[in-house]
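If you want the building blocks of each chain, they are given just below.
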Amino acid sequence: MTWPRAALGAVLAGSFSACVGGLGAGGGSGASSDASAGSGGTGAGGDSGTTSTTVAGAGGGGDDVCARWKNDRAGLTEGVWSGSVASCTPGDDAAPGRDNALTLVNLYRWLDGLPPVALDAQRSTAAQACALMMQANGQLSHTPPMSWKCYTSSGAQAAGSSNIATAAGVGAVDLYMVDPGNPMTMGHRRWILSNSLGPIGVGSASAFSCMWVIGGSGAADKPFTAWPPAGKVPYQAWQVSFQNLDQTGWTIQSDPIQLAGAKVKVTDGASDLPVDTVDLLPNYGANAALRFTPKGWQTAPGHTYHVTVTGASQPIAYDVAVVDCN
């Protein structure tokens with residue numbers, strides 16, 4: 001069986017996907033199309049105290065979180081692609097596909113206390129041309145050559161500014177959030193949870209899709225964003241792809257906080273739970289990020305995991321309360 005793949009950038013090639021970051025907040029000009037200005041967001045000021053978050057951004061309890069999770073995932077229908085490879089017609093991703101993809105993006109952002117984003121018609125048109133190119137050539141590339149079948153400059157621009165996947169637009173969102181195959185960047189997840197995200201463009205063919213995420217004008221100011229996030233989190237969020245979050249890793253990203261060399265500790269009550277911590281490459285939707293992966297344990301519903309980060313420019317502490325939304 002061939003699993004879906006996703007990619008953001010095309011320099012660090014891997015067996016599953018490839019990533020290249022954009023410039024961080026305040027980044028300069030002159031970047032290539034897949035290294036556009038990225039993380040945005042002003043972040044927090046320079047407090048020396050611990051950044052502590054213990055409730056979900058939605059502000060609700062487990063029932064509220066589960067209700068939102070179930071409601072927003074009730075419609076995962078893909079749109080019917082109206083384009084054609086034979087005639088190099090981008091077509092469109094018929095309703096409700098594009099709207100369902102946006103709903104999932106905003107569900108994940110809501111769980112993390114981030115503001116929703118909207119669709120941009122111009123970016124979606126370009127992303128549709130991108131999806132056609134990927135479909136026509138049966139592969140992913142952020143730098144498609146002009147020799148590609150169905151090549152267009154607008155599609156190529158979108159390819160360099162998008163999360164791209166061998167999956168239609170709705171299913172690709174879950175794939176981006178689990179982000180298998182990108183252990184040194186987790187770039188797809190980080191862009192969806194970026195302070196700067198939005199508006200986005202979504203284009204989808206029958207088996208390939210593009211989501212324009214780079215160069216947004218969002219102005220969220222979260223000092224850090226984690227996935228899984230602080231507060232109540234559906235256990236089902238671990239299981240939305242062929243790998244789960246414990247396999248690909250939990251992440252923390254930040255614009256103002258320097259995370260290089262930081263250490264993560266996870267506890268469940270009085271039990272210390274070992275993790276492997278890795279610094280991620282900078283500027284994929286946030287200036288800095290790290291990934292930590294459970295060693296010898298698995299997330300379980302009904303448990304609350306306390307996460308502390310030391311050795312960063314500002315300490316971080318938060319609780320992840322896992323609720324079963326079945």
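For the structure, check the block above.
As the structure is a prediction and not an experimental result, all values here were calculated from the model.

Hey, could you go over the overall build of the chain for me, with residue numbers and the actual values?
When its secondary structure is counted, the chain shows 7 helices and 16 strands. The buried share among the 326 residues of the chain stands at 55%. When the accessible surface of the chain is totalled, it reaches about 12300 Å², and 51% of it is carbon and sulfur.

For helix H1 (residues 62-72), give the residues involved together with the corresponding values.
Among all positions of H1, only Gly62, Val65, Cys66, Trp69 and Asp72 are buried. End-on, the buried residues of H1 take up no more than an arc of 145°, which puts them together on one face. In this structure, H1 carries Asp63 and Asn71 as exposed residues pointing more than 90 degrees from its buried face. In this structure, the buried side of H1 is in contact with helix H2 (97-111), strand S9 (231-234) and strand S16 (316-323).

Explain the environment of proline 183 residue by residue, including any values.
With respect to the element layout, proline 183 can be found in the loop between helix H5 (169-178) and helix H6 (187-192). On a C-alpha basis, the gap between proline 183 and threonine 248 in space is 7.0 Å, while along the polypeptide they are 65 residues apart.

Hey, could you go over the pattern of salt bridges for me, with residue numbers and the actual values?
One pass over the full model with this rule turns up 6 salt bridges. Ionic pairing is found between aspartate 92 and arginine 98, a salt bridge with its closest N-O pair at 3.0 Å. Looking at arginine 98, the relative accessible area reads 14%, which means it is buried. In this structure, aspartate 276 and lysine 295 form a salt bridge, with 3.7 Å as the shortest nitrogen-oxygen distance. Of this pair, aspartate 276 sits in strand S13 (residues 275-279) while lysine 295 sits in the loop between strand S14 (288-294) and strand S15 (304-310), and the two are 19 residues apart along the sequence. Residue aspartate 276 is classed as partly exposed on the basis of its relative accessible area of 41%.

Describe H2, naming the residues involved and giving the relevant values.
The α-helix winds at 3.6 residues per turn, so residues separated by three or four positions along the chain end up facing the same way. Between the first and last C-alpha of H2 there are 22 Å, a value that for 15 residues agrees with the 21 Å anticipated at 1.5 Å per step. Those residues of H2 lying buried are Gly97, Arg98, Asn100, Ala101, Leu102, Leu104, Val105, Asn106, Leu107, Tyr108, Arg109 and Leu111. Residue glycine 113 follows H2 closely and has a positive phi angle near 70°.

I'd like a description of the packing of aromatic side chains, backed by residues and values.
The full count for this structure, using the stated rule, is 9 aromatic pairs. Geometrically, the ring pair formed by tryptophan 250 and tryptophan 297 is edge-to-face, given 6.0 Å between the ring centres and 75° between the ring planes. With tryptophan 250 in strand S10 (residues 250-254) and tryptophan 297 in the loop between S14 and S15, this residue pair connects regions lying 47 residues apart in the sequence. Each member of the pair, tryptophan 250 together with tryptophan 297, is buried. Grouped by ring-pair contacts, the aromatic residues Tyr235, Trp238, Trp250, Phe292, Trp297 and Tyr305 constitute a single cluster.

Quick rundown of the side chain of serine 204? Include the residues and the values.
Inspection of the secondary structure puts serine 204 in strand S6 (residues 201-204). Take serine 204: its relative accessible area is 1%, and that puts it in the buried class. Among the polar contacts listed, one links the side chain of serine 204 to the backbone nitrogen of glycine 169, at a separation of 3.0 Å. Contact partners of serine 204, with chain neighbours within four places excluded, come to Trp81, Asp93, Gln128, Ala131, Ala168, Gly169 and Ser209.

Thresholds applied
Residues numbered from 1 in each chain as written. Predicted model: local features only at pLDDT ≥ 70, side-chain atom pairs only at ≥ 80, totals over all residues. Heavy atoms only, no water. Helix = DSSP H or I, 4+ residues; strand = E, 2+ residues; numbered from the N terminus. Buried < 20%, exposed > 50% of the residue type's maximum accessible area, 1.4 Å probe, protein only. Areas by Shrake-Rupley, 256 points an atom, 1.4 Å probe, with all protein chains shown as cover. Arc of directions from axis to C-beta. Contact = heavy atoms within 4.5 Å. Salt bridge = Lys/Arg side-chain N within 4 Å of Asp/Glu carboxyl O. Expected span 1.5 Å × (residues − 1). Phe/Tyr/Trp six-rings, centres within 6.5 Å; stacked < 30°, edge-to-face > 60°. Polar contact = N/O pair within 3.5 Å; in protein donor to acceptor, adjacent residues only side chain to side chain.

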